[in-house]
Amino acid sequence: MKAWQIGMVLAALLLLAGVPWYGSDVLVQFGINALLLAVLAQGWNIIGGYTGYASFGNSVFYGLGAYGVAIAMVQWQLPFGVGMVFGVVLAVVFAVLLGIPVLRLKGHYFAIATLALSQVMTAIVSNVGLAGQNIGLVLPPLNNDPLFYELSLGLLTVATLTIWGLTRSRFGFGLIAIRENEEGAAVMGVNTTLYKVLAFALSGVFSALAGGIHAYWITFLDPDSAFDISLNVKMIIMAVFGGPGTVLGPIVGALSLSAISEFLSSEVTSIAGLFFGLVIVAAVVLMPRGLADMIRRLRKTGWRYFSENIRAHRL
Amino acid sequence: MSGPADLIPRTPLLKVANLGAGYGGMPVLHDVSLEVYPAEMVALVGSNGAGKTTLLRALSRMLPCSGSIVLNGHELAGMTPDQAFGLGLVQVPEGRQLFDRMTVQDNLLMGSYRRQDQAAVNRDLDKIYTLFPRLTERRRQLAGSMSGGEQQMCAMARALMAAPVLMMVDEMSLGLAPVVVQQLMEVLAAIQRDGVTVLLVEQDVQLALSGSDRGYVMETGRIVHHGQARDLIDDPAVQQAYLGL
């Protein structure tokens, strides 16, 4: 990265960090949601964007993180931080135990197998007394939105720095090699099973932390909202909209789509979903490789970029 | 065994003894034994379904096996593919398995993925570009956009970037024009002169034996003939079965 780019990123970070001081309460609440979604999109970026495994199981990590915090705080009266660690441990154990068999599958089969995981988790957690069964858990309220906002921003920063480090590391190159040609990667001495499980677990760590913060912020948790598959779809759309396999793309995707979605639901309320769908369709048709790719290539190819994409996909 | 390899006692670089392997309980290889000596080019030939690729997969530890595989004094049976790779057992896989959407240069750098000595990697990169001038012209091009012959060169160059002790080349000639295959054989000879030991696995018996020092002939999972490559070419049994003479 060049000096001016680092400067831009730092300026954007300062601007975001200052929101609780100059923004309205509504903006701060919107910010917490959008930042946590950005963390989820970044988490998905590790396994989906860099390793090439389109995981539909990341909402399970999110749910485990949320339940980790809720169980620790409500059932065991432990502090929030301990709950976060507990949630992360649950997510990592889950990633390793299920990753080993599930990561043998490729493409659609991997997506379907992980898709089933969140359904299964809803059913399991609904029957666990410690997790409040299907009634859920009510956490002790902490009315401090600026704190949650800064926590979310901090988590997003750590997630993004981790991914930035990944793109410069041997481990990250191994993941990209797996995405580009898994057999080729294995032939070149990449321990593919280990790398995939590590990527899945790392992706799970960030999703779980986001889930933990969200649970404490909302103060209420039930199995349906914790293991919500539409959340997983959202993080994928955001990561892909911004540019999967790029450091900043998923953040840009998450923040811009959150803003568009918020704007639509306040302007056209009941049919917001329809317009949101149109935005997604347009994005997929015009810039299938995401905003990051568009920005990089638009300078060279100009408006032809869009027509080329349409033609390339025979639409 | 016959020939000078017997007369001069040398330690084999690769010694495979009583190797058995298969897929899901179905045995494919039976009691395979072979040796590869340092700086040799050895051909492993046989028709379709003889078990050549299965043997390669067992050697590179992609497939579980029984028996023993000793490379440079290290027992490989029981190792994972990346551990075997770490000892210098590098494959040029069938179908090349390049990173199609990466540039030629990035493909080559992926070959040196496990190496820590950056200076030596840069030196090898220069050396390999000299060996494959065509790749130099195309170093910024995406690997998937090149012709089959160029892709095969890229796969071989990528393997060389891993600084192999033993390079195993699987079905190099597959789908390539004879003139291109001839060029690739010349490159292999240059690689061998450079001190790299090559195990060449081929369906094209004539091609593989004509460029190699020694050869092994496989049939239904067993080694049925072995010896000096030129003796095998002249062997009436081999001629009848594979060379259509």
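Caption draft 1: Just the overall build of chain B, in detail. Secondary structure summary: chain B contains 11 helices and 10 strands in total. Buried positions account for 53% of the 245 residues belonging to chain B. The long-range share in chain B, meaning contacts at least 24 apart out of those at least 6 apart in sequence, stands at 68%. Total accessible area on chain B stands at roughly 10,400 Å², and carbon and sulfur atoms take up 51% of it. Looking at chain B, you have 20 positive and 25 negative side-chain charges, and the mean spots of the two groups are 6 Å apart.

Caption draft 2: Molecular detail of the nonpolar core. With 93 residues, the main nonpolar core has Y67(A) and F227(A) as its most contacted residues. Broken down by element, the residue count for this core peaks at 14 residues, all from helix α10 (residues 192–218) of chain A. Residues contacting Y67(A), with those up to four places away along its chain left out, are V125(A), A131(A), L137(A), L221(A), D222(A), P223(A), A226(A) and F227(A). Listed in part, the 51 residues of the second largest apolar core include I128(B), L207(B), V217(B) and I233(B).

Caption draft 3: The sheet that holds strand β8 (residues 197–202) of chain B, seen in detail. Residues and elements named next belong to chain B. Taken in spatial order, the six strands of this open sheet run β6-β7-β8-β3-β9-β10, and their pairing is mixed. Every other strand in the sheet has two partners, leaving β6 (89–92) and β10 (222–228) as the edge strands with one partner each. Across the sheet, the axes of successive neighbouring strands diverge by a mean angle of 20°, strand direction being ignored. One ladder, built from five bridges, connects strand β7 (residues 166–170) with β8; its direction is parallel.

Caption draft 4: Here's a closer look at the sheet that holds strand β1 (residues 14–23) of chain B. Residue and element names in this part refer to chain B. Spatial strand order, β2-β1-β4-β5: four strands in an open sheet with antiparallel pairing. Since the sheet does not close on itself, it has two edges, and those belong to β2 (26–36) and β5 (74–75), each with one partner. When strand β4 (residues 65–71) meets β5, the two strands line up antiparallel, connected through two bridges. Bridge pairing links L71 to H74 in β5. Along the sheet, helix α2 (residues 52–59) makes contact with β1, β2 and β4, crossing β1 at roughly 110°.

Caption draft 5: Region of the structure containing the pairing of strand β3 (residues 41–45) of chain B. Residues and elements named next belong to chain B. Extensive coverage of β3 is indicated by the burial of five of its five residues. Burial along β3 is two-sided: M41, A43 and V45 facing one way and V42 and L44 facing the other are all buried. Here five bridges tie β3 to β8, and the two strands are oriented parallel to one another. Within β8, the position partnered with V45 by the bridge is E202. Inspection of the sheet shows β3 paired to strand β9 (residues 214–219) by four bridges, in the parallel sense. By the bridge assignment, A43 is partnered in β9 with G215.

Caption draft 6: Spatial organisation of the environment of V90(B). With respect to the helices and strands, V90(B) occurs in strand β6. V90(B) has contacts with M188(A), F85(B), A159(B), A162(B), P164(B), L166(B), M167(B) and M168(B), leaving out every residue within four places of it along the chain.

Caption draft 7: Local environment of the interface of chain A and chain B. Taken together, the 19 residues of chain A in the interface contact 21 residues of chain B. A per-residue breakdown of the area chain A buries against chain B is headed by R170(A), V187(A) and M188(A), which together make up 42% of the total. Here chain A is connected to chain B by one salt bridge. With a closest N to O distance of 3.1 Å, R101(B) and E180(A) form a salt bridge. Inspection of the region where chain A meets chain B yields seven residue pairs in polar contact (both at pLDDT 80 or more). Top contributing element to the side of chain A that touches chain B by residue count: helix α8 (residues 170–180) of chain A, with eight residues.

Caption draft 8: Spotlight on unusual backbone geometry. Residues and elements named next belong to chain B. For R61, which is not glycine, the phi torsion reads 70° and is therefore positive. The topology assignment puts R61 in the loop between α2 and β4. Overall, R61 belongs to the buried group, its relative accessible area being 9%.

Caption draft 9: Spotlight on the environment of S118(A). Positionally, S118(A) belongs in helix α6 (residues 107–125). Between the alpha carbons of S118(A) and F275(A) there is a distance of 27 Å; along the sequence they are 157 residues apart.

Caption draft 10: Highlighting the side chain of S152(A). Tracing the chain through its elements places S152(A) in helix α7 (residues 145–167). Those residues within four positions of S152(A) in sequence are excluded, and the remaining contacts are I32(A), L35(A), L36(A), V39(A) and I213(A).

Caption draft 11: Spotlight on the packing of helix α4 (residues 104–111) of chain B against helix α7 (residues 148–160) of chain B. Residue and element names in this part refer to chain B. One way to put it is that α4 packs onto α7 with a least axis distance of 7 Å and a crossing angle of 35°. Considering the relative orientation of α4 and α7, their crossing is right-handed. From α4, V104, N107, L108 and G111 reach across to α7, where they touch C154, A157 and R158. Residues of the contact of α4 with α7, tallied by class, amount to four nonpolar, two polar and one charged.

Caption draft 12: Main features of the environment of V285(A). Tracing the chain through its elements places V285(A) in helix α14 (residues 272–286). With 24 residues separating them along the chain, V285(A) and N309(A) place their C-alpha atoms 7.1 Å apart.

Procedures and definitions
- Counting of residues starts from 1 at the beginning of each chain's written sequence and follows it residue by residue.
- All chains are assigned letters beginning with A, and all ligands numbers beginning with 1, in the order in which they are written.
- Two thresholds apply to this predicted model, a pLDDT of at least 70 for residue-level local features and 80 or more for giving and counting side-chain atom pairs, whereas whole-chain, interface and lining totals are computed over all residues.
- To get the side-chain values, take all heavy atoms of the structure and skip hydrogens and water.
- Segments assigned H or I by DSSP are reported as helices when at least four residues long, segments assigned E as strands when at least two residues long, and all are numbered from the N terminus.
- Burial here depends on accessible area, computed with a 1.4 Å probe over protein chains only, as a share of the maximum for the residue type. Under 20% is buried, over 50% is exposed, and the range in between is partly exposed.
- Contact between two residues is taken to exist if any of their heavy atoms lie within 4.5 Å; hydrogens are not considered.
- Calculation of accessible area relied on Shrake-Rupley with a 1.4 Å probe; when residues are assessed, cover is drawn exclusively from the protein chains displayed.
- For the purpose of charge, His is not counted, nor are the chain termini; Lys and Arg are scored as positive and Asp and Glu as negative.
- Every charge is mapped onto a representative atom, which is NZ of Lys, CZ of Arg, CG of Asp or CD of Glu.
- As used in this record, nonpolar core signifies buried Ala, Val, Leu, Ile, Met, Phe, Trp, Tyr and Cys residues forming a set joined through side-chain atoms within 4.5 Å.
- Strands are treated as partners if at least two bridges between them are detected by DSSP.
- Each axis is a line fitted through C-alpha atoms, taken for helices only over the stretch in contact, and angles between the N-to-C directions span 0 to 180 degrees.
- Buried area is understood as the total, over both parts, of accessible area removed when two parts are fitted together, assessed with a 1.4 Å probe.
- A carboxyl oxygen of Asp or Glu within 4 Å of a side-chain nitrogen of Lys or Arg is what we treat as a salt bridge.
- Each polar contact in these results corresponds to two N or O atoms within 3.5 Å; when the atoms are within protein, one needs to be able to donate a hydrogen and the other to accept it, and residues that are neighboring in sequence are counted only if both atoms are side-chain atoms.
- Each crossing gets its hand from how the near helix is turned against the far one by less than a right angle, where anticlockwise is left-handed and clockwise is right-handed.
- Three classes are used: nonpolar for Ala, Val, Leu, Ile, Met, Phe, Trp, Tyr, Cys and Pro, charged for Asp, Glu, Lys and Arg, and polar for all others, with Gly counted as polar.

None of this, on its own, says anything about what the molecule does.
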